[in-house]
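Each chain is listed here by its residues.
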Amino acid sequence: MTLLTFRFAPSPNGDLHLGHAYSALLNQTLAKASGGRLLLRIEDIDTTRCTPQLEAGVLADLKWMGLGWEEPVRRQSEHFAEYEAVLDQLIREDIVYPAFMSRGEIRAFIADSEKHGRDWPRDPDGVPLYPPADKTLPVKERERRIADNEPFAWRLDIGAAMARVGKDLAWAEFTDETLSVTRSVEARPQDWGDVIVARRDIPTSYHLAVVMDDALQGVSHIVRGQDLFSATGVQRLLQELLGLPQPAYFHHRLILGPDGRKLSKSLGDTGLAKLRGSGATPDDIRLMVGL
Ligand code: GLU
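Predicted model only: the values in this text are computed from it and were never measured.

What to know about the site of the ligand
All residues in the neighbourhood of the ligand are listed as Arg7, Ala9, Pro10, Ser11, Glu43, Tyr206, Val210, Arg224 and Leu228. Within the side chain of Arg7, a nitrogen or oxygen atom sits 2.6 Å from an oxygen atom of the ligand. The side chain of Tyr206 places a nitrogen or oxygen atom 3.0 Å from an oxygen atom of the ligand. Relative to its free-state accessible area of 300 Å², the ligand is covered by the protein chains to the extent of 78%. For the shell around the ligand, a count of residues per class yields 5 nonpolar, 1 polar and 3 charged.

Quick look at the structure:
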């Protein structure tokens, strides 16, 4: 039987909190229980917000909790050329397009459209979908704007991508932490509109890097927070477009703060470093996250 492979994939753009602790420890528990592998991946494509200091803090917190992982750790910022090669393939296949609108222009476009009585569609996170204007720009106009060094991101033409795949997509989602039973979930990438596959200054995006790395590292079981549940639809579509295998998923409960809200990296009192500093032990952390 092939080994099950799990991964914990933090972005070192802030300090880890109890939500990350639960995710990391759950992956560790499941890998151990199945005799499988546990990988650690540092998702640091945002090289401005992710710093070596923050990464060192993440590693120290994980070690302190007793998380063990296989070396070497994959650091996404060291693999931009690989992402770029796949981006180039998507450009050649004409299913991505350069998107020039700035945040301000998007806001103005949507405000204008809503003034005329039409609610602008939003993605599952509540962010307005990207307006369609750039998708239909004449090739000459695109070329001119690129030659003029106008900044742009590459966005997936979601309609074209779904047509290329030509079938409905779904994924296997485990129903609980024991990972014994799965149900099939319909993938709805269209709910996200034309997602970014490469940011203005980086030849990739979270979605592109995550599907490439999960495949490259042979991840069979993706265990991560419920907040990424709907995004899985986009990732299934990219896996299908790029001919990558499909892992099974479990999107676990989120650890909430005392105010009942999702934890954020700025919430100091649930930060692992702070808890450790005030005398908490790794066992206390396990208890606090219900493991
Ligand atoms: N790097 C992502 C985060 O820290 C997690 C990505 C994933 O697990 O797919 O939120």
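With respect to the packing of aromatic side chains
Centre distance and the angle of the planes are the two values used to describe a pair of aromatic rings. All chains considered together, the criterion is met by 6 aromatic pairs. Aromatic pair Trp171 and Phe229: ring centres 5.2 Å apart, planes at 65°, arrangement edge-to-face. Of this pair, Trp171 sits in strand 6 (residues 170–174) while Phe229 sits in the loop between strand 9 (221–225) and helix 8 (232–241); the two residues are 58 residues apart in sequence, bridging distant segments of the chain. Just above the ring of Phe100 sits the side chain of Arg145; from NZ or CZ to the centre is 4.4 Å.

Describing helix 4 (residues 103–115)
The terminal C-alpha atoms of helix 4, which comprises 13 residues, lie 18 Å apart, in line with the 18 Å expected from a rise of 1.5 Å per residue. When we look at burial in helix 4, the residues that qualify are Ile106, Ile110 and Ser113. Seen along its axis, helix 4 keeps its buried residues to an arc of 60°; they face one direction. Away from its buried face by more than 90 degrees, helix 4 exposes Arg107 and Lys115.

Digging into the pattern of salt bridges
Under the counting rule described, the total for this entry stands at 22 salt bridges. For Asp148, the salt bridge goes to Arg144, with nearest N and O atoms at 2.8 Å. Since its relative accessible area comes to 40%, Arg144 is described here as partly exposed. Between Arg188 and Asp191 there is a salt bridge, with its nearest N and O atoms 2.9 Å apart. By relative accessible area, Asp191 is classed as partly exposed at 26%. When salt bridges with common partners are traced through the structure, they connect Arg7, Arg41, Glu43, Arg74, Glu82, Asp213 and Asp214 into a single cluster.

Overview of the pairing of strand 2 (residues 37–42)
Within strand 2, 5 of the 6 residues are buried, which leaves the element mostly enclosed by the surrounding structure. The sheet contact formed by strand 1 (residues 5–8) and strand 2 spans 4 bridges and is parallel. Pairing of Arg7 across the sheet is with Leu39, part of strand 2. Assessed by its sense of winding, the connection that carries the chain from strand 1 through helix 1 (residues 18–34) to strand 2 is right-handed. Two elements, strand 2 and strand 3 (residues 74–75), share 2 bridges in a ladder whose sense is parallel. Note that in strand 3 the partner of Arg41 across the bridge is Arg74. Read as a crossover between parallel neighbours, the route from strand 2 over helix 2 (residues 52–64) to strand 3 is right-handed.

Calculation rules
- Residues numbered from 1 in each chain as written.
- Predicted model: local features only at pLDDT ≥ 70, side-chain atom pairs only at ≥ 80, totals over all residues.
- Heavy atoms only, no water.
- Near = heavy atom within 4 Å.
- Polar contact = N/O pair within 3.5 Å; in protein donor to acceptor, adjacent residues only side chain to side chain.
- Areas by Shrake-Rupley, 256 points an atom, 1.4 Å probe, with all protein chains shown as cover.
- Nonpolar A, V, L, I, M, F, W, Y, C, P; charged D, E, K, R; others polar.
- Phe/Tyr/Trp six-rings, centres within 6.5 Å; stacked < 30°, edge-to-face > 60°.
- Helix = DSSP H or I, 4+ residues; strand = E, 2+ residues; numbered from the N terminus.
- Lys NZ or Arg CZ within 6 Å of the ring centre and 35° of its normal.
- Expected span 1.5 Å × (residues − 1).
- Buried < 20%, exposed > 50% of the residue type's maximum accessible area, 1.4 Å probe, protein only.
- Arc of directions from axis to C-beta.
- Salt bridge = Lys/Arg side-chain N within 4 Å of Asp/Glu carboxyl O.
- Pairing = 2+ DSSP bridges.
- Right-handed = clockwise from strand over helix to strand, strands pointing away.

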